[in-house]
Structures are given as structure tokens and as C-alpha cells.
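Report on the structure
Chain by chain, the residues run as shown.
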Amino acid sequence: MKTSILATLAATLLAVPAFAQDAGDAAKGENEFKKCKACHMIQAPDGTDVVKGGKTGPNLYGVVGRKAGTAEGFKYSDALTKLGEAGEVWTQEDLEAYITDPNKYVEDKVGDKTLKTKMTFKMAKNQPDVVAFLAKNSPDAGAAPAAEGAAAPAAEGAAAPAAN
């Protein structure tokens, strides 16, 4: 019995640092976001630029916790519009998956290979860091629903240089 309890405790303690690493580092993400600013800006509602960037993709201020396809002033693809109409809200987990492969993400969520996003960039590494940076600039990030079992949307062009 002692061995089982100790083994369980040890496994739990060893898992905690691994989980903490997966959460992402917002400071590293800010640096990684340089890849994204070719197409995206982060601008607060009061007009304050957090990161000056392009307008090819939507403004990513507040993307975590926001309904998919709803950033004001941006014309989204049918894929992201449909996700938003279905009530999909961005979670950090979903954004990580989305920026890894936007079209595959949408296909997996809606089951339709014909729906394509405007975002062509695929981020190969450091996605948790970029998403942590986006969450830091998303006042409603805590309002995002848990991703388990829910089909959460992909914010069009979330955090990567893309032709959204």
C-alpha cells in the first residue's frame, strides 16, 4: 500500500512541471508574435497599440474568450463565420491547434473539407507561448469555456502571419 501511494504521489509531482511548461510563457510569446504581426495587430478598444501590425488578419486583442469570426471590421472566411454562428468561442487549447494548422482545425471541427480559412501560415513551434501572450491581451480569457467535448472555434488568423 505504501508503495502505491508513494508511486502515485511521485507521478503526480512529476506531472506538475510538465503541465506548467504546456501553459506557455507570455514573455516568450510576445517575441514569437513578431512572426504574426506581418498580418495581425493587437490594439485595445481605446486605440492603444499593444503590437502594431498588419491588417490582413483581424485584430487579436481579446481573441481568447471571443466568439469565432466576430472581430469588428474584419471580413472572415465562410469557415470562421460558420463556426461563430454555431456559438463557438476561442479557448487557449483551440487557438494552439488552430495556429498549428488552420484548415485542418476547421475541417476537424466542422467535418467539411471544402471550408477553408484565409490563414495560410502554419506555426510549427512555440504555439503555447504565443497563445499565452494572446491570453494576456484578452480581458475575457477567463470566460472561455473548457475545450473538452465542446467544438470551440478558431479565431480567423489567430496569431500568425497569414493572408486571412
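Calculation rules
Throughout, a residue's number is its position along its own chain's written sequence, starting from 1. For a predicted model such as this one, the threshold for reporting local features is a pLDDT of at least 70, and the threshold for listing and counting side-chain atom pairs is 80 or more; totals across whole chains, interfaces and linings nevertheless cover every residue. With hydrogens and water stripped out, all remaining heavy atoms of the structure feed into the side-chain values. Helix and strand assignments come from DSSP, with helices taken as H or I runs of at least 4 residues and strands as E runs of at least 2, each series counted from the N terminus. N or O atoms closer than or at 3.5 Å make up a polar contact, with two conditions inside protein: a donor-capable atom paired with an acceptor-capable one, and, for residues adjacent in sequence, both atoms drawn from side chains. An axis is simply a line fitted to the C-alpha atoms; with a helix, the fit covers only the stretch in contact. Between two such axes, the angle follows the N-to-C directions and lies from 0 to 180 degrees. Here the angle decides the label: under 35 degrees means roughly parallel, over 145 means roughly antiparallel, 65 to 115 means roughly perpendicular, and every other value means oblique. Contacts are residue-level and defined by heavy atoms, with any inter-residue pair within 4.5 Å sufficient. Charged residues are taken to be Asp, Glu, Lys and Arg, nonpolar residues to be Ala, Val, Leu, Ile, Met, Phe, Trp, Tyr, Cys and Pro, and polar residues to be all remaining types, Gly included. When the centres of two rings from Phe, Tyr and Trp lie within 6.5 Å, Trp using its six-membered ring, the rings pair. Their planes under 30 degrees apart give stacked, over 60 give edge-to-face, and anything left gives tilted. Exposure classes here rest on a 1.4 Å probe applied to the protein chains alone. A residue is buried below 20% of its type maximum, exposed above 50%, and partly exposed in between. An arc is given here, and it is the one of the directions from the helix axis to the C-beta atoms. In a left-handed crossing the near helix is turned counterclockwise from the far helix by less than a right angle, and in a right-handed crossing that turn is clockwise. Note on definitions: salt bridges are taken to be side-chain nitrogens of Lys or Arg within 4 Å of carboxyl oxygens of Asp or Glu.

1. Digging into the side chain of Thr117
Looking at the secondary structure, you find Thr117 in the loop between helix H5 (102-110) and helix H6 (127-136). A distance of 3.2 Å separates the side chain of Thr117 from the backbone nitrogen of Met119, its partner in a polar contact.

2. As for the packing of helix H4 (residues 92-100) against H5
Their axes nearest at 5 Å, the elements H4 and H5 cross at an angle of 125°. One way to sum up the angle between H4 and H5 is to call them oblique. Together, Asp94, Ala97, Tyr98, Ile99 and Thr100 of H4 and Pro102, Tyr105, Val106 and Lys109 of H5 make up the contact between the two elements. Counted by class, the contact of H4 with H5 contains 6 nonpolar, 1 polar and 2 charged residues.

3. Description of the packing of aromatic side chains
Under the defined criterion, the tally for this structure stands at 5 aromatic pairs. Taken together, a centroid distance of 4.8 Å and an interplanar angle of 75° make the contact between Phe74 and Tyr76 edge-to-face. The pair formed by Phe74 and Tyr76 is uniform in burial state, with each residue classed as buried. Between Tyr98 and Tyr105, the ring centres sit 5.8 Å apart and the planes meet at 90°, which makes this aromatic pair edge-to-face.

4. Description of the environment of Tyr105
Inspection of the secondary structure assignment puts Tyr105 in helix H5. A relative accessible area of 6% places Tyr105 in the buried class.

5. Focus on H5
Considered for burial, the residues of H5 that qualify are Pro102, Tyr105 and Val106. When H5 is viewed along its axis, its buried side chains cluster within an angular range of 95° and face the same direction. Where H5 is buried, its residues contact helix H3 (78-85) and H4. Of the residues flanking the end of H5, it is Gly111, one or two places downstream, whose phi is positive at about 70°.

6. Section: the packing of H4 against H6
Where H4 contacts H6, the two axes come as close as 9 Å, and the packing angle between them is 130°. As summarised for this structure, H4 and H6 are arranged oblique, according to the angle between their axes. As H4 packs across H6, the resulting crossing turns out to be right-handed. Each of Gln92, Leu95, Glu96, Ile99 and Thr100 in H4 lies in contact with H6, whose residues at this interface are Gln127, Pro128, Val130, Val131 and Ala135. Of the residues contributing to the contact of H4 with H6, the split by class is 6 nonpolar, 3 polar and 1 charged.

7. Remarks on the pattern of salt bridges
Between side chains of opposite charge, a pair can form when the charged atoms approach closely. Scanning the entire structure with this criterion turns up 4 salt bridges. With a shortest N-O distance of 2.8 Å, Lys104 and Asp108 are connected by a salt bridge. Placement of both Lys104 and Asp108 in helix H5 is noted, with a separation of 4 residues, approximately one turn of the helix. Its relative accessible area of 44% is what places Lys104 among the partly exposed residues.

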